[in-house]
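These are the residues of each chain, in order.
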Amino acid sequence: MTLAPPVARKQPTVHSHGPSDNYHWMKDQTKGPKKQEIIDYLEAENAYAKAIHLTPNAALSETLYNEFLSKIQETDKDVPFFRNPYWYYTKTIEGQQYSIYCRKRESLDAAEEEYLNINLIKDQEYLDIGATAVSPSHTLLAYSLDVAGDEEYKIHFKNLETGEEYPGDVLENTCGSVVWNKENTGVYYVTLDEIHRPCKLYHHILGTNPKDDVMLYHNTDEQFWTTIGRTTSGRFLILSLGSNQTSEIHYIDLDNPSAGLKCFCPREFRHRYEVEHQGDFFLILTDGGGKFLNKKLQRVSIQNTVREVWEDVIPYDPFRELVDVTPFESFTVIEERAEGILRMRVLEAANPNSSYLIPFEEEIFEATTASSRVQNYSSDVVRFVYTSQLTPTKTMEYNFKSKTSLLLKQKPVPGGFNPEPYTLKRVYVPIPESTRVKAPFDTPVADKIPVTLLYKTDLLRKDNKNKCYLYGYGSYGICLEPNFSSDIFSYVDRGIVVAYAHIRGGGDLGRGWYETGKFLHKKNTFTDFVACAEYLVAQGITRHELMAIEGRSAGGLLMGAVLNIKPDIAICATLGVPFVDVVSTMMDPTIPLTVNEYEEWGNPNEKEYFDYMMSYSPYDNIKPNTKYPNLFVKAGINDPRVQYWEPAKWVAKMRASNTDGGEADPNRSTLIFDCKMGSGHFGASGRYGYLKEKASEYAFVVTQLEAAAAAAV
């Protein structure tokens, strides 16, 4: 007897903003345990997922999990970095879920000191370290820890000489970031408000009651997010206030903290900028209020930061997006994106006109500077990370004086990795004239969508019967970088063509590419993805009935919208923590991220934006009595970004809308919903738990594609 899927009860709720919602009752914003009826429904869905997919495909999941493990060096350590007198690094040990933080005094041959090991915490399902910061004296550790997956961190302190913890100094309700003062007496940190928005900067002195901490800044604008960090030089604390379109930065001179917090440049709508420090100057990446949409590099004296005296370091180039800047005493490294590739440009501090690119041999790659915490500001060397989908990640150094690169370590793949059997290339999908739009300030924007293809060369068929996996995201300007992932070869080695659609709304081709896929152009993201899928079919690479598609978070919105546009686009789809109830969420300012994201999706309190969102919101546009593909939907009950009730409501409505083909269909679609009851947006926190979850997702795709391929013979 076939197990019937759960049926959620209907309780019509009429919103002021739209039609009746039968499943609004699933929404419970209570912090902590949810209503029992909701728990019962989610557990019924989990039981169904277990019965329909997780248990029947357990053997395949285990096979895939073992494949993943076989390609990972389970006991390993990263490249140490030196902070006089210690070498710092992290390591992993086979069988343990989390990285261990270590150091050695003066020499790498010295005795190892494990100064933070959360594997020793045994009573938590979820653990995530937000940040670790060793004091300038190297005697104290501050670290932030999330134990629920809700991204609410507590900052703990530990004496590195005695091992003693300081429970009286624990800082609660923080975003996780922490910066030490130079006196070794305390830290700067940011707390969350009632809707989970980082908004208040505090300074805590060890040994005092956190309730007495001095608040240095309160960001009251709900559209602005608050973050802190240090410049690469270590001299300045940077307080960044940012919405999607506007920035404002404040700073503290850590050499002279009594001078207080200073505003670098007051916010002006549409002006985005970032700040770093080099010698007597601040370096600024600025879009000039939009006219330099892909940003230009400027500088200003640390004595006077008013915008009127900012001066150019290099001319603006609208065909290159400046992504990040890492300054050193004698040179500067810029991360720039051109033609969909993230690369590094070097500038001599004394003569920036002599800039040049660090050369690499591959056509498709990613090269980025490593974290500022591992850089030595006074050095002639920059540490960077290089990778491609056919090159396991390399940690390298580039010497500015000798103009040479040195490999420090390549991430090991047990048994080695040979790229020769594989093909990595990009194809370009024309954008129809009907969906082409201009980018702001006439910024150049591409007229073709890049699609990255990865496949095993000798397994590629010429008869359009290749199994294909197509992934997309397309929001927030986030890019699909060509990072190496050993896991993906569990698809590729099974003859699956893996494709990544670099669609508008992402930042793969610069800021203009992003701007033409947001607000009232958001549908371009969805039609781009459909165009990519249709191109792969038209070129004889695959068929829709041999295609699997996937997206996560805002990529889950992409999946939901695409499925409504073209329900027969694929044989199966995976929707991870999907943002599918767009209008209801964006109409509720009490939900984390809502107000902050008006500058991504638009403000639905304005009719033009409301109507546009309503026209693509997946939950509001399900096609009743229309067959959809087989679906695997993932959620986390503690997710603060996309709350569990969005996918839960969508699944319930999909089930009630007869989207499986009906009883008369011999190949009825399957809809599986797996909601993790102890984690959040990013799933399992431990590396083995994460791989177990991923294996079950891969097993779903492999099972569906293998069955489809067998039927296509």
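Everything that follows concerns the structure shown earlier in this document.
Residues numbered from 1 in each chain as written. Predicted model: local features only at pLDDT ≥ 70, side-chain atom pairs only at ≥ 80, totals over all residues. Heavy atoms only, no water.

1. Some points on the overall build of the protein chain
Quick reminder of the rule: Note on conventions: DSSP H or I runs of at least 4 residues are helices, E runs of at least 2 residues are strands, and numbering of each starts at the N terminus. Radius of gyration: over C-alpha atoms. The globule rule applied is 2.2 Å multiplied by the number of residues raised to the 0.38 power. In this scheme, a residue with accessible area under 20% of its type's maximum is buried, one over 50% is exposed, and one in between is partly exposed, where area comes from a 1.4 Å probe on protein chains only. By definition, residues are in contact when any of their heavy atoms lie within 4.5 Å. For accessible areas, the Shrake-Rupley method is used with a probe of radius 1.4 Å. Any residue's cover is judged against the shown protein chains and nothing else. For this count, His and the chain ends are skipped, Lys and Arg are scored as positive, and Asp and Glu as negative. Here the site of a charge means atom NZ of a Lys, CZ of an Arg, CG of an Asp or CD of a Glu.
Broken down by element type, the protein chain carries 11 helices and 38 strands. Its C-alpha atoms give the protein chain a radius of gyration of 26 Å, near enough to 27 Å, the size a compact globule of 713 residues would have. Principal-axis analysis of the C-alpha atoms places the extent of the protein chain at approximately 75 × 55 × 55 Å. By residue count, 57% of the 713 residues in the protein chain fall in the buried class. Put simply, 58% of the contacts in the protein chain that link residues at least 6 apart link residues at least 24 apart. For the protein chain, the exposed surface amounts to about 29100 Å²; the carbon and sulfur share of it is 50%. Counting 75 positive and 95 negative side-chain charges, the protein chain places the averaged centre of each group 3 Å from the other.

2. Describing the sheet that holds strand β16 (residues 236–242)
To keep things clear, this is the line we draw: Between any two strands, at least two bridges found by DSSP are needed for them to pair. Lines fitted to C-alpha atoms define the axes, with helix axes restricted to the stretch in contact, and inter-axis angles between N-to-C directions lie between 0 and 180 degrees.
In spatial order, the strands read β15-β16-β17-β18; together these 4 strands make up an open sheet with antiparallel pairing. Each edge of the open sheet carries a strand with a single partner, namely β15 (225–230) and β18 (262–265). On average, adjacent strands in this sheet sit at an angle of 25° to one another, irrespective of strand direction. Here β15 runs beside β16; their pairing, made up of 6 bridges, is antiparallel. Among the inter-strand pairings, threonine 226 is bridged to a residue of β16, identified as leucine 241.

3. Considering the nonpolar core
Across soluble globular proteins, nonpolar side chains show a tendency to be buried alongside one another. Using the following cut-off: Nonpolar cores are built from buried Ala, Val, Leu, Ile, Met, Phe, Trp, Tyr and Cys residues. Side-chain atoms within 4.5 Å join them into one set.
Core analysis: the biggest nonpolar cluster contains 112 residues, and Phe529, Ile549 and Trp650 have the highest contact counts within it. Considering every element that reaches this core, the biggest residue donor is helix α11 (residues 687–712), with 9 residues. Look past the residues within four positions of phenylalanine 529 in its chain and what remains in contact with it is Leu470, Tyr471, Gly472, Ala501, Ile503, Ile549, Leu558, Met559, Val562 and Ile569.

4. Some thoughts on helix α10 (residues 645–656)
Put simply, the rule is: An expected span of 1.5 Å times one less than the residue number is assigned to each helix.
In this model, α10 (12 residues) spans 16 Å end to end at C-alpha, consistent with the 16 Å of a helix rising 1.5 Å per residue. For α10, the tally of buried residues reaches 9 of 12 residues, placing the bulk of the element in the interior. Among all positions of α10, only Trp645, Glu646, Pro647, Ala648, Lys649, Trp650, Val651, Ala652 and Met654 are buried. Contacts made by the buried residues of α10 are with β2 (20–21), α1 (36–54), β36 (572–576), α7 (582–586), β37 (630–636) and β38 (671–676). Positioned one or two residues after α10, asparagine 658 has a phi angle of 55°, which is positive.

5. What to know about the side chain of asparagine 466
Note the cut-off: Polar contact is defined as a pair of N or O atoms within 3.5 Å, subject to the rule that within protein one atom must be able to donate a hydrogen and the other to accept it, and that residues adjacent in sequence are counted only when both atoms are side-chain atoms.
The residue asparagine 466 is located in strand β33 (residues 466–472) in this model. When its relative accessible area of 2% is taken as the criterion, asparagine 466 is described as buried. Here arginine 461 takes part through its backbone nitrogen, which lies 2.8 Å from a polar atom of the side chain of asparagine 466. Among the polar contacts listed, one links the side chain of asparagine 466 to the backbone oxygen of isoleucine 541, at a separation of 2.8 Å. Apart from the residues lying within four places of it in its own chain, the contact partners of asparagine 466 are Leu459, Leu460, Arg461, Val497, Gly540, Ile541, Thr542 and Leu546.

6. Observations regarding unusual backbone geometry
The peptide bond linking asparagine 84 to proline 85 adopts the cis configuration, its omega dihedral lying at 10°. As for its placement among the helices and strands, proline 85 is situated in the loop between β4 (81–83) and β5 (86–92). Although it is not a glycine, glutamate 339 sits at a positive phi angle of roughly 55°. By the secondary structure assignment, glutamate 339 is in the loop between β24 (331–338) and β25 (341–348). We classify glutamate 339 as exposed; its relative accessible area is 72%. Positive phi outside glycine occurs at lysine 403, with the angle close to 55°. Along the chain, the position of lysine 403 falls in the loop between β29 (391–399) and β30 (404–410).

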